[in-house]
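Survey of secondary and tertiary structure
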Amino acid sequence: MTGPARFDPAALRPRLPSPLQEVSDDRFARHGVRLLLKRDDLIHPDLIGNKWRKLVPNLEAAAGRPVVTFGGAYSNHLRATAAAGRLLGLTTVGVVRGDELADRPLNPSLARCAADGMRLHFVDRSTYRGKTHPDTLAAVLRAAGAEDAYVVPEGGSNAVAVRGCRALGEELRDHADVVALACGTGGTLAGLAAGLGPGRQALGIPVLKGGFLTAETRALQTEAFGGPRGDWHLDERFHFGGYARTTPALDAFAEDFGKRHGLPVERLYVAKLLYALVALADEGAFPRGTRLAAVVTGAPFVG
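On a predicted model such as this, the values are computed, not experimentally measured, just so you know.

Cut-offs used in this document
- Residues numbered from 1 in each chain as written.
- Predicted model: local features only at pLDDT ≥ 70, side-chain atom pairs only at ≥ 80, totals over all residues.
- Heavy atoms only, no water.
- 1 Å grid on protein atoms, 1.4 Å probe; cavity = no way out; pocket = protein on both sides within 12 Å on 5 of 7 lines; lining within 4 Å.
- Points joined across faces, edges and corners; volume = space filled by probe spheres on them.
- Nonpolar A, V, L, I, M, F, W, Y, C, P; charged D, E, K, R; others polar.
- Axes fitted to C-alpha atoms, helices over the stretch in contact; angles between N-to-C directions.
- Helix = DSSP H or I, 4+ residues; strand = E, 2+ residues; numbered from the N terminus.
- Parallel < 35°, antiparallel > 145°, perpendicular 65-115°, else oblique.
- Left-handed = near helix turned anticlockwise from the far one by under 90°.
- Contact = heavy atoms within 4.5 Å.
- Phe/Tyr/Trp six-rings, centres within 6.5 Å; stacked < 30°, edge-to-face > 60°.
- Buried < 20%, exposed > 50% of the residue type's maximum accessible area, 1.4 Å probe, protein only.
- Lys NZ or Arg CZ within 6 Å of the ring centre and 35° of its normal.

Describing the layout of surface pockets
Vacant regions in the atomic arrangement are exposed by a probe of water-molecule size rolled over the atoms. The computed volume of the second largest pocket comes to approximately 220 Å³. Lining the second largest pocket are Tyr74, Asn76, Arg79, Ser109, Ala244, Val265, Glu266, Arg267, Leu268, Ala299, Pro300 and Phe301. The residue inventory of the lining of the second largest pocket, partitioned by class, reads 7 nonpolar, 2 polar and 3 charged.

Let's talk about the packing of helix H2 (residues 50–62) against helix H3 (residues 76–88)
Running from N to C, H2 and H3 point in directions that differ by 50°, and their axes come no closer than 11 Å. Taken as axis vectors, H2 and H3 run oblique relative to one another. Crossing hand, H2 versus H3: right-handed. Residues Lys51, Leu55 and Leu59 of H2 lie in contact with H3, whose contacting residues are Asn76, His77, Ala80, Thr81, Ala84 and Leu88. Of the residues in the contact of H2 with H3, the class split is 5 nonpolar, 3 polar and 1 charged.

Section: the packing of aromatic side chains
Inspection of every chain in the model, using the stated rule, returns 6 aromatic pairs. Residues phenylalanine 253 and phenylalanine 257 carry aromatic rings whose centres are separated by 6.1 Å and whose planes lie at 40° to one another, so their mutual orientation is tilted. Here the residue phenylalanine 253 and the residue phenylalanine 257 both occupy positions in helix H10 (residues 248–261), the gap between them amounting to 4 residues, near one helical turn. A residue is classified by how much of its surface remains accessible, and phenylalanine 257, at 0% relative accessible area, is buried. Ring geometry for phenylalanine 253 against tyrosine 275: centres 5.3 Å apart, planes inclined by 70°, an arrangement best described as edge-to-face. With phenylalanine 253 in helix H10 and tyrosine 275 in helix H11 (residues 270–282), the pair connects residues that are 22 residues apart, well separated along the chain. For phenylalanine 253, a relative accessible area of 10% puts it in the buried group. Sitting over the ring of phenylalanine 301, arginine 79 keeps its end group 3.8 Å from the ring centre. A cation over a ring is seen here: arginine 97 above tyrosine 128, with NZ or CZ 5.3 Å from the ring centre.

Comments concerning the packing of helix H7 (residues 159–172) against helix H8 (residues 187–196)
Their axes nearest at 6 Å, the elements H7 and H8 cross at an angle of 50°. As summarised for this structure, H7 and H8 are arranged oblique, according to the angle between their axes. Between H7 and H8 lies a crossing whose hand is right-handed. Side by side, H7 and H8 meet where Val162, Cys165, Arg166, Leu168, Gly169, Glu170 and Leu172 of the first sit next to Gly187, Thr188, Ala190, Gly191, Leu192, Ala194, Gly195 and Leu196 of the second. Per-class residue counts for the contact of H7 with H8 are 8 nonpolar, 5 polar and 2 charged.

Bear in mind that shape data such as this cannot, by itself, settle questions of function.
As structure tokens, then:
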């Protein structure tokens with residue numbers, strides 16, 4: 001790990017705007033719906049999809065200070081932050097949920113973080129749940145030796161990130177009537193909806209159960225823009241049991257979609273989104289003539 005460095009986005013070489021690919025799929029065509037894939041998975045090989053859009057504004061705000069962020073044992077966000085640190089010469093610290101993991105061999109996801117120079121700090125689950133409380137956060141930063149670091153929240157969703165994700169909506173507003181994406185913390189949805197403009201709808205498919213994401217997304221929009229923005233809603237039915245949960249039916253669907261369209265389908269987010277859209281099309285949720293864009297926010301992780 002190196003010391004403070006000036007932020008230089010050119011070092012990351014993004015592909016923006018990301019490609020928009022129309023695909024022919026009879027499950028949509030028979031309902032008169034055009035399906036487009038917004039290939040945010042092609043923005044950058046290491047900072048994939050919404051991770052680029054949320055992380056880069058935060059890295060700029062960090063102004064060369066060490067970056068501390070949070071995630072679980074298989075966090076895409078931790079991997080993206082670690083990769084950015086390697087590419088930019090920034091010190092990164094990952095606070096990982098589950099102190100029982102500290103004495104175990106690193107799984108492939110955390111091993112990738114460590115290989116990219118991220119220092120891992122494991123905390124118990126009670127402390128992790130309280131990480132947004134100022135006293136708990138201060139104690140975690142002290143224990144991690146990162147009291148002067150710039151803190152990026154779990155999933156990367158804060159006001160800075162939400163404003164960065166507004167560009168996603170701006171890229172799509174002239175090409176789609178409905179834009180759908182899988183949601184974890186609500187930050188990408190909050191920014192997307194703000195950027196789409198009048199007459200366009202954003203649809204979020206939560207991958208966690210609990211029904212908390214509407215309030216979280218509203219709060220993020222208020223923090224970023226001073227109040228609600230855009231026309232958006234959530235459909236809570238397609239979490240498949242919660243985060244990182246899949247079923248044989250979902251796996252089979254993802255395999256089939258990948259074979260149809262030559263797209264390796266990431267399971268934790270993208271598969272749930274695409275499954276939901278097929279189901280919603282069958283329910284008649286989209287009027288004939290709808291241009292439906294699905295945001296591909298990630299790619300399968302290969303350890």
